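Structural overview
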Amino acid sequence: MRIAVPCSDDNGLESRISMHFGRSLYYAFVDVEDNEIKSFEIVPVSFEEHEPGDLPNFVKERGGDIVIAYGMGRRAIDFFNQLGINVITGASGTVREVIDAFLKDRLETDKDWKSKEEFGHHES
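What counts and what doesn't
Within each chain, residue numbers correspond to sequence positions counted from 1 in written order. Local features in a predicted model are, by the rule used here, given only for residues with pLDDT of at least 70; side-chain atom pairs are given and counted only at 80 or more, and totals for whole chains, interfaces and linings are based on all residues. With hydrogens and water excluded, all non-hydrogen atoms of the structure serve as input to the side-chain values. A run of H or I in DSSP counts as a helix once it spans at least four residues, and a run of E counts as a strand once it spans at least two, with each numbered from the N terminus. Residue burial is assigned from relative accessible area. The probe radius is 1.4 Å, only protein chains are included, and a residue is buried under 20% of its type maximum, exposed over 50%, and partly exposed in between. Only the protein chains shown count as cover for residues, and the accessible areas themselves come from Shrake-Rupley with a 1.4 Å probe. Two strands form a pair only when DSSP identifies at least two bridges running between them. Here the axes come from fitting lines to C-alpha atoms, over the contacting stretch only for helices, and the angles between their N-to-C directions go from 0 to 180 degrees. In this analysis, two residues are considered to be in contact whenever any of their non-hydrogen atoms come within 4.5 Å of each other. Any two rings among Phe, Tyr and Trp, with Trp reduced to its six-membered ring, count as a pair given centres within 6.5 Å; such a pair is stacked if its planes are under 30 degrees apart, edge-to-face if over 60, and tilted if neither. As a per-residue measure, pLDDT reflects the predictor's confidence and takes values from 0 up to 100. Salt bridges, as used here, are contacts in which a Lys or Arg side-chain nitrogen is within 4 Å of a carboxyl oxygen on Asp or Glu.

Observations concerning the overall build of the protein
- Summing up its helical and strand segments, the protein has three helices and five strands in all.
- Going from the N terminus to the C terminus, the protein shows its helices and strands as β-β-β-α-β-α-β-α.
- Looking at the 124 residues of the protein, the share that counts as buried comes to 44%.
- For the protein, the computed accessible surface area is about 6900 Å², with 42% contributed by carbon and sulfur atoms.

As structure tokens, then:
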């Protein structure tokens, strides 16, 4: 399984999750086997401006199966789902913290992320 996590910096597994996937400068791609992190890479987003669907295609082209993010609009979630990529929103912390919690089925997410000022325009 390959998990994609939008990041605000390039600090390996200690990279912080970006608060908005569409504004991420980097994506962590974490390869998991037998419930353990086997490898990872931090990939810079290769475009400054993007159209709807560009980031889901970016993740798909790099083999992503799951995206774990904080904030993401319904339209983006639909694009990911159409590509067969599952999305988990409301996650925060470092890539390592989030992946470890996910693998242990203990990932806590902010269910109210949409009500935050920055995300007030997103619909459920």
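Focus: the sheet that holds strand β5 (residues 86–88)
- The five strands are arranged β3-β2-β1-β4-β5 in an open sheet whose pairing can be described as mixed. Bordering the open sheet on either side are β3 (36–44) and β5, each of which pairs with just one other strand. Pairwise comparison of adjacent strand axes, ignoring direction, gives a mean angle of 20° for this sheet.
- Sheet analysis places strand β4 (residues 66–68) next to β5, joined by three bridges and oriented parallel. Along β5, the bridge assignment pairs valine 67 with valine 87.
- Those strands touched by helix α1 (residues 54–61) are β1 (2–7), β2 (26–33), β3 and β4, and its axis lies near 40° from that of β2.

Examining the packing of aromatic side chains
- Evaluated as defined, the whole model comprises four aromatic pairs.
- Put simply, the rings of Tyr27, Phe29 and Phe58 pair up and form one aromatic cluster.

Digging into the confidence of the model for the protein
- Residues at a pLDDT of 70 or more form 86% of the protein, whose mean pLDDT is 87.
- Of all secondary-structure elements in the protein, the lowest mean pLDDT belongs to α1, at 91, while β4 reaches the highest, 97.
- With pLDDT under 50 throughout, residues 120–124 is counted as low confidence; its partners more than four residues away or in other chains account for nine contacts.

Observations regarding the pattern of salt bridges
- What the rule picks out here adds up to six salt bridges.
- The partner of arginine 96 in a salt bridge is glutamate 14, and the shortest N-O contact between them spans 2.6 Å. Of this pair, arginine 96 sits in helix α3 (residues 95–103) while glutamate 14 sits in the loop between β1 and β2, placing them 82 residues apart in sequence.
- Salt-bridge contacts for lysine 38 lead to glutamate 36; the nearest nitrogen and oxygen are separated by 3.6 Å.
- Using a relative accessible area of 45% as the deciding quantity, one classes lysine 38 as partly exposed.
- If you follow the salt bridges from partner to partner, you end up with Arg2, Asp31 and Glu41 in one network.

Some details on the environment of methionine 1
- Tracing the chain through its elements places methionine 1 in the segment before β1.
- Residue classification places methionine 1 among the partly exposed positions, given a relative accessible area of 43%.
- Sequence-wise, methionine 1 and asparagine 35 are 34 residues apart; in three dimensions their C-alpha atoms are separated by 9.3 Å.

Comments concerning α3
- Taken as a whole, α3 has its buried residues at Val95, Val98, Ile99, Ala101 and Leu103.
- In the stretch just after α3, aspartate 105 is the one whose phi turns positive, near 60°.

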